[in-house]
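Read off the chains here:
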Amino acid sequence: MDNENRYNENRTEESGSRVAPERQSLSKYVPAPTASLDEWKRMQLIYSAALKEVNTKLEILNAEFQMAHRYNPIEHLSARIKSPESIAKKLRHQGRAVTVENIVRYINDVAGIRIICSFTSDIYKISDLIRKQSDVKVLKIKDYIANPKPNGYTSYHMIVSVPIFLSDMTIDTKVEIQIRTIAMDFWASLEHKMYYKFEGNAPENIRRELKECADLVGFLDRKMMAINEEIQKYSNEEEEGVLISESLRRLYGMVNEENDVKETVVQDGKPAVVIDLDEAQLRRVDDEMEATVAKKKLFAMPKGRKATMK
């Protein structure tokens, strides 16, 4: 139940003379022993930035996957910062004081993202793509798909760390990522609502019925994935090759000086002529084009209007 509750709270080197920002953990960023409003705001800033970092990475991967394979492994994303009340409740349950240092040290899911997929195979595909990100460090994995909870809960959990670049330092910040299929999310959402009514102490017959539903959801996921794999056998579309060639990849990070810009002009089937264009020439061409357009507009006007303009 706690896994679902977290997401239903409130969806929300040296270079020349310059020294590179110091890189440290978030717990070092907040040295004060007790939580104040300013400390809480600073902590929220860091965790919100971490959510944006991870969310952007996932959106880019999904768009690239769509372009390369004509398929979106991610159905939708949701993100949230854990509410102060829920954080305090969790720390008190652990017998710890509610301080910013304890929050950063002991609460791994202050920032959380949930990824919903179509098939179970997509879950492992996405988790593998996340692992391959050079600036993402995987801290912990819990595979509740291979090892479901006793109540039937299935999902794939990752705790990752991403660097947040501030003006004077870089802070490695934790984010929890939950990856589920649509069917897993359906079961978990309804299970949370039902358990909420009993404050976590549902009658035995209700728990038994929910476990049976979880088994049915698992069967449904396996069946749908098998059908999808069978459909793929009938697909004649070939997989795309490398999305961006090595030579073009290098160009994305290169800068050309403006004076080195060249333009190729082809006219009347004659061989292409490469000409250098400086800023003055470009300005003159623009002026000539504007004059030509104005002249054409004038000759296209009715005679009466031309006379009026003289």
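Please refer to the structure higher up on the page.
The following paragraphs examine the structure supplied in this document. These numbers were taken from a predicted model, which means no experiment stands behind them.

### Here we look at the pattern of salt bridges
In this structure the tally under the stated criterion is twelve salt bridges. Salt-bridge contacts for Asp 135 lead to Lys 57; the nearest nitrogen and oxygen are separated by 2.8 Å. Residue Asp 135 is found in the loop between helix 6 (120-131) and strand 6 (137-143), and its partner Lys 57 is found in helix 3 (residues 37-69); the two are separated by 78 residues along the sequence. Owing to a relative accessible area of 29%, Asp 135 belongs among the partly exposed residues under this scheme. By relative accessible area, Lys 57 is classed as buried at 16%. Residues joined by salt bridges that share partners form a network here, namely Arg 80, Lys 82, Lys 90 and Asp 109.

### Regarding the environment of Thr 99
Structurally, Thr 99 is set in the loop between helix 4 (84-93) and helix 5 (100-106). Placed 63 residues apart in sequence, Thr 99 and Ser 36 show a C-alpha to C-alpha distance of 8.5 Å. At 3.1 Å, the side chain of Thr 99 forms a polar contact with the backbone nitrogen of Asn 102.

### Describing a negative patch on the surface
Taken together, the side chains of Asp 286, Asp 287, Glu 288 and Glu 290 define an acidic patch exposed on the protein surface. In this structure, Glu 290 sits in helix 10 (residues 279-299). When its relative accessible area of 56% is taken as the criterion, Glu 290 is described as exposed.

### Overview of the nonpolar core
Among the nonpolar cores identified, the biggest contains 34 residues, and Leu 58, Ile 115, Ile 126, Ile 130, Val 175, Ile 177 and Ile 179 are the most heavily contacted of them. For this core, the secondary structure elements donating two or more residues are helix 3, strand 4 (74-81), helix 4, helix 5, strand 5 (111-117), helix 6, strand 7 (156-165) and strand 8 (169-181). The element that contributes the greatest number of residues to this core is helix 3, accounting for seven residues. With sequence-adjacent residues up to four places away left out, Val 175 is seen in contact with Ala 50, Leu 51, Val 54, Asn 108, Ala 111, Met 158, Ile 159, Val 160 and Val 162.

Parameters at a glance
- Residues numbered from 1 in each chain as written.
- Predicted model: local features only at pLDDT ≥ 70, side-chain atom pairs only at ≥ 80, totals over all residues.
- Heavy atoms only, no water.
- Salt bridge = Lys/Arg side-chain N within 4 Å of Asp/Glu carboxyl O.
- Helix = DSSP H or I, 4+ residues; strand = E, 2+ residues; numbered from the N terminus.
- Buried < 20%, exposed > 50% of the residue type's maximum accessible area, 1.4 Å probe, protein only.
- Polar contact = N/O pair within 3.5 Å; in protein donor to acceptor, adjacent residues only side chain to side chain.
- Patch = residues over 30% accessible without salt bridge, like charges linked within 9 Å, V, L, I, M, F, W, Y side chains within 5 Å.
- Areas by Shrake-Rupley, 256 points an atom, 1.4 Å probe, with all protein chains shown as cover.
- Lys, Arg positive; Asp, Glu negative; His and termini not counted.
- Charge placed at Lys NZ, Arg CZ, Asp CG, Glu CD.
- Core = buried A, V, L, I, M, F, W, Y, C linked by side-chain atoms within 4.5 Å.
- Contact = heavy atoms within 4.5 Å.

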